[in-house]
Amino acid sequence: MKRKILFPLILIIIAMVIVACSNTTDSPKLLTKEGITPYDLSESEKYILQSFGMEGNSQIISFHAPKEAITLNVNVYRLEVDKSWKSIGGGAVSIGTDREPIDQLTGTFTMQLKENYAIDFNINTSGRASFKTNEIILDAETMASTKGFLQEFQKIEINKEIPVALMVYDSGTSMRSHSLQDYFDPSKFDGMDLVQVVTLTFADEKL
């Protein structure tokens, strides 16, 4: 029980330290050009994730939204039998048209994949917002799985979803390789028992 509680706390602490340290000259800085990218963790930050067994099940993304973006939407989807995406959770933060308390959306997005297929995530910008999805119970035991996270810098297009995490699980003994862009072609996941995707959308509309 203590381990389950500590996992999300560690991610939150790391993200808060990143934001706090971004104002110092001798620490890694947050993204300064418009886009999103995996945050470049220091050796000590990597060690913390490794120590808690979180390295392969979590990610921190740095974002710097275009000036016109006032809302960051997070969506978590599950692939249905008919190959359509069903929203199973998410959340959003907005600075509104008044752009308060900050003028531009910048910060970090952190997520952690849980053993019960739930996902915890946090948005750290002018403040911190936390969200989570519910546990998923599968009919068959998972024998094969693959997980993919955002690996490189990507430009932001207003009101367009950016897949940042992909999780595929199956009761079979083999697994095809998949990429984040397969989100736009769900037929590539044919036959898989569970497919989940996390997307970020930077919108120019208020919540």
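Let me begin by describing the structure that accompanies this report. Since the model is a prediction, treat every value here as computed from it, not as a measurement. (Residues numbered from 1 in each chain as written. Predicted model: local features only at pLDDT ≥ 70, side-chain atom pairs only at ≥ 80, totals over all residues. Heavy atoms only, no water.)

Some remarks on the sheet that holds strand β6 (residues 119-124)
In space, the 5 strands of this open sheet follow the order β1-β2-β5-β6-β7, with antiparallel pairing throughout. Of all strands in the sheet, those bounded by a partner on one side alone are β1 (35-38) and β7 (128-132). This sheet shows a mean twist of 20° between the axes of neighbouring strands, independent of strand direction. Across 6 bridges, strand β5 (residues 106-113) lies against β6 in antiparallel orientation. Paired with threonine 110 across the two strands is asparagine 122, which belongs to β6. (Pairing = 2+ DSSP bridges. Helix = DSSP H or I, 4+ residues; strand = E, 2+ residues; numbered from the N terminus. Axes fitted to C-alpha atoms, helices over the stretch in contact; angles between N-to-C directions.)

Quick look at the pattern of salt bridges
Applying the stated criterion across every chain, the model contains 5 salt bridges. Here aspartate 120 and lysine 114 are joined by a salt bridge, their closest N and O atoms 3.2 Å apart. Exposure remark for aspartate 120: the relative accessible area of 10% places this residue in the buried category. Residue lysine 114 is classed as partly exposed on the basis of its relative accessible area, which comes to 22%. A salt bridge links aspartate 182 to lysine 188; the shortest N-O distance between them is 3.4 Å. Note on aspartate 182: relative accessible area 6%, which makes it buried. (Salt bridge = Lys/Arg side-chain N within 4 Å of Asp/Glu carboxyl O. Buried < 20%, exposed > 50% of the residue type's maximum accessible area, 1.4 Å probe, protein only.)

A few points about the nonpolar core
Counting residues in each nonpolar core, the largest one holds 45 residues, and the members touching the most others are Ile36, Phe109, Met111, Val164, Val198 and Phe202. Contributions of two or more residues to this core are made by β2 (58-64), β3 (71-79), β4 (85-94), β5, β6, β9 (162-170) and β10 (194-203). A per-element tally of this core places β9 first, with 7 residues. (Core = buried A, V, L, I, M, F, W, Y, C linked by side-chain atoms within 4.5 Å.)

Observations regarding unusual backbone geometry
Note that the residue after glutamate 100, namely proline 101, is joined by a cis bond; omega there is 5°. One non-glycine residue with positive phi stands out, namely lysine 83, at about 70°. Within the element layout of this structure, lysine 83 appears in the loop between β3 and β4. Look at lysine 83 and you get partly exposed, because its relative accessible area is 29%. One non-glycine residue, tyrosine 117, lies in the positive phi region at around 70°. Examined against the element boundaries, tyrosine 117 turns out to sit in the loop between β5 and β6. Residue tyrosine 117 is classed as buried on the basis of its relative accessible area of 15%.

A look at the pairing of β5
The buried fraction of β5 amounts to 7 of the 8 residues, a majority that puts the element mostly inside the structure. Direction of pairing for β2 relative to β5: antiparallel, over a ladder of 7 bridges. In the sheet register, serine 58 faces β5, and the bridge partner there is glutamine 112. Connecting β5 to the next strand, β6, in antiparallel fashion are 5 residues, including tyrosine 117 with a positive phi near 70°.

Points about the packing of aromatic side chains
Both the distance between ring centres and the angle between the ring planes are used here to describe each pair of aromatic rings. Using the criterion set out here, one finds 9 aromatic pairs in the structure. When the centroid spacing of 5.3 Å and the interplanar angle of 40° are considered together, the rings of tryptophan 85 and tyrosine 183 count as tilted. Taken as a pair, tryptophan 85 in strand β4 and tyrosine 183 in the loop between β9 and β10 lie far apart in primary sequence, 98 residues in all. Both residues of the pair, tryptophan 85 and tyrosine 183, count as buried. Pairwise contacts between aromatic rings join Tyr77, Trp85, Tyr183, Phe184 and Phe189 into one cluster. The cationic tip of lysine 33 hangs over the ring face of phenylalanine 153; the distance from NZ or CZ to the ring centre is 4.3 Å. (Phe/Tyr/Trp six-rings, centres within 6.5 Å; stacked < 30°, edge-to-face > 60°. Lys NZ or Arg CZ within 6 Å of the ring centre and 35° of its normal.)

Some details on the sheet that holds β3
One open sheet accounts for 5 strands, arranged β4-β3-β10-β9-β8; its pairing is antiparallel. Because the sheet does not close on itself, it has two edges, and the strands there are β4 and β8 (144-149). Strand-to-strand twist in this sheet, taken as the mean axis angle between neighbours without regard to direction, amounts to 10°. Strand direction decides the pairing type here: β9 and β10, joined by 7 bridges, are antiparallel.

Read these as spatial facts, not as claims about activity.
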